[in-house]
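Next come the chains, spelled out residue by residue.
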Amino acid sequence: MPERNEFAWTMMIVGYVEYCWFTREASKLLDEMLFNLGLGLNNMTVSSLLSACTQSGDLMMGRWLHVYVLKMIEKEIDIMVGTSLIDMYAKCGRINIAFHIFKKVTNKNIVAWNAMLGGLAMHGRGNLVLDIFPQMVKEVKPDDVTFTSVLTLCSHLGLIDQGRHYFYSLESSYGINPSMEHYVCMLDLLGRAGELDEAETLIRAIPIVPSKVVLDSKRQRYSKDTRDKFYTCWRPSPSISAGDKSHPQTREIYLALGEIIRRLRLACYVPYTNSQVFSGFGKDNEDEQEEKEQALFFHSKKLAVCFGLMSTADGASIYIFKNLRICQDFHSAMKIVSAVYERDIVIRDRSRFHCFKQGLCSCTIIGNPSLHRVEEGEKE
């Protein structure tokens, strides 16, 4: 390429950042672009890079860009950059920083509000969402994305009355035709609350032909990619898959995992084997039970946590991003790990964050049927 401008460099860096194992290469390109060639970043290029950080979970790069904006852009942060920062911090597990930035952004538009509400919903901050929603209505007109976040939150927290209120007032109060996403959220809420008759009535009333997504209550909605990623405060590690033996520290990881399982058992951890589904098995027997327990021990999520514990200093927080919903066995295990090892463990699954601290989790959906088993299509 004979002439490379800021946009060409930015797109190359974005490509590296989105594939998180190329973080070092992205940093080298950014260093060359800014300090060797003297090129700069504008609001659009910063936003593009922050978006890539959001997708990959590269908090280190995102923080660096935040500092760059504060130092190099003297005037107030542009709404596009501010929104990108809010989204990045929220989806990298730093919801308090996201909310701090949100409060400082002036002339908030619907995109900024949606980014904040969506982040709060993912973190289960129900009271805060419901508290600031009236202020949002005064400043901007909510759209369909807004109510997807609100209804998702109501579903996670079991706020059935509030969920019904917002869903059935979409057209009358806000002029919004319910989308498939809204129906899915409402069905999820009704299903979690045990209101199966109402859920069936709602399905029959859907003007759109119900897809498999609706009928399976989101079961097939997301990617089946099972790779989990462990993130330190510096840079992301390689991806870790279930039963993975290709990692360069495989031997150390599995030895450490054995010690972790031993300590969990001493703390009364019992594998929840009902969350592990195998095809082709008949009646339960001792061999099958043992195989299920072994499969649970070597799930990619536990390998990622093990790698985090052995790779960071005592007391450091561990962040894991995963593409499948969390199951009850892993949820129970992480509560014990957070207490035994005195670590804060933050896990982002396909729909929300779980923040484990001192044996407790920030979520309020323990005991919900959706945590009881890993669907057969989602086995690791």
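Above this text is the structure in question.
Summarised in this report is the structure supplied together with it.

Rules used in this analysis
- Residues numbered from 1 in each chain as written.
- Predicted model: local features only at pLDDT ≥ 70, side-chain atom pairs only at ≥ 80, totals over all residues.
- Heavy atoms only, no water.
- Axes fitted to C-alpha atoms, helices over the stretch in contact; angles between N-to-C directions.
- Helix = DSSP H or I, 4+ residues; strand = E, 2+ residues; numbered from the N terminus.
- Parallel < 35°, antiparallel > 145°, perpendicular 65-115°, else oblique.
- Contact = heavy atoms within 4.5 Å.
- Nonpolar A, V, L, I, M, F, W, Y, C, P; charged D, E, K, R; others polar.
- Buried < 20%, exposed > 50% of the residue type's maximum accessible area, 1.4 Å probe, protein only.
- Pairing = 2+ DSSP bridges.
- Phe/Tyr/Trp six-rings, centres within 6.5 Å; stacked < 30°, edge-to-face > 60°.
- Core = buried A, V, L, I, M, F, W, Y, C linked by side-chain atoms within 4.5 Å.

A short note on the packing of helix α7 (residues 110-122) against helix α8 (residues 126-139)
The N-to-C vectors of α7 and α8 enclose an angle of 170°; their axes lie 11 Å apart at closest approach. By the criterion of interaxial angle, the relationship of α7 to α8 is roughly antiparallel. Where α7 approaches α8, its residues Ile110, Trp113, Asn114, Leu117, Leu120 and Ala121 are matched on the opposing element by Leu128, Val129, Ile132, Phe133, Gln135, Met136 and Glu139. Of the residues belonging to the contact of α7 with α8, the class tally is ten nonpolar, two polar and one charged.

With respect to the pairing of strand β2 (residues 318-321)
The side-chain alternation of β2 yields two buried faces, one formed by Ile318 and Ile320 and the other by Tyr319 and Phe321. As paired elements, β2 and strand β3 (residues 345-348) share four bridges and run parallel to each other. The residue of β3 that forms the bridge with Tyr319 is Val346.

A few points about the packing of aromatic side chains
The description of two aromatic rings rests on the distance between their centres and on the angle between their planes. Summed over all chains, the structure comprises ten aromatic pairs. With 5.3 Å between their ring centres and 75° between their planes, Phe133 and Tyr166 make a pair best called edge-to-face. One end of the pair, Phe133, is in helix α8; the other, Tyr166, is in helix α10 (residues 160-168), with 33 residues separating them in the sequence. Residue class for Phe133 comes out buried when judged on its relative accessible area of 3%. Note on Tyr166: relative accessible area 11%, which makes it buried. Between Phe147 and Tyr166, the aromatic rings sit 6.3 Å apart at their centres with planes inclined by 50°, giving tilted as the arrangement. A residue pair is termed long-range when its members are at least 10 positions apart, and Phe147 in helix α9 (residues 144-157) and Tyr166 in helix α10 qualify at 19 residues. Grouping residues by exposure puts Phe147 and Tyr166 together as buried. The structure contains a cluster of three or more aromatic residues connected by ring pairs, namely Phe133, Phe147, Tyr166 and Tyr174.

Description of the nonpolar core
In globular proteins that are soluble, nonpolar side chains generally tend to be buried together. Counting 70 residues, the largest nonpolar core has Leu41, Ile86, Met88, Met116 and Phe133 as its most contacted members. Top contributing element to this core by residue count: α7, with seven residues. Counting residues in each nonpolar core, the second largest holds 27 residues, with Ile253, Leu257, Ile326 and Ala333 among its members.

A closer look at the environment of Ala199
With respect to the helices and strands, the residue Ala199 is situated in helix α13 (residues 196-205). Those residues in contact with Ala199, other than ones at most four positions away along the chain, are Leu187 and Leu190.

Thoughts on the pairing of strand β4 (residues 353-357)
Inspection of the sheet shows β3 paired to β4 by four bridges, in the antiparallel sense. Counterpart to Val346 in the pairing with β4 is Cys355. Two successive antiparallel strands, β3 and β4, enclose a turn made up of four residues. Where β4 lies against strand β5 (residues 360-361), two bridges are found, and the strand directions are antiparallel. Each residue of the ladder has a partner; that of Lys357, found in β5, is Leu360.

Read these as spatial facts, not as claims about activity.
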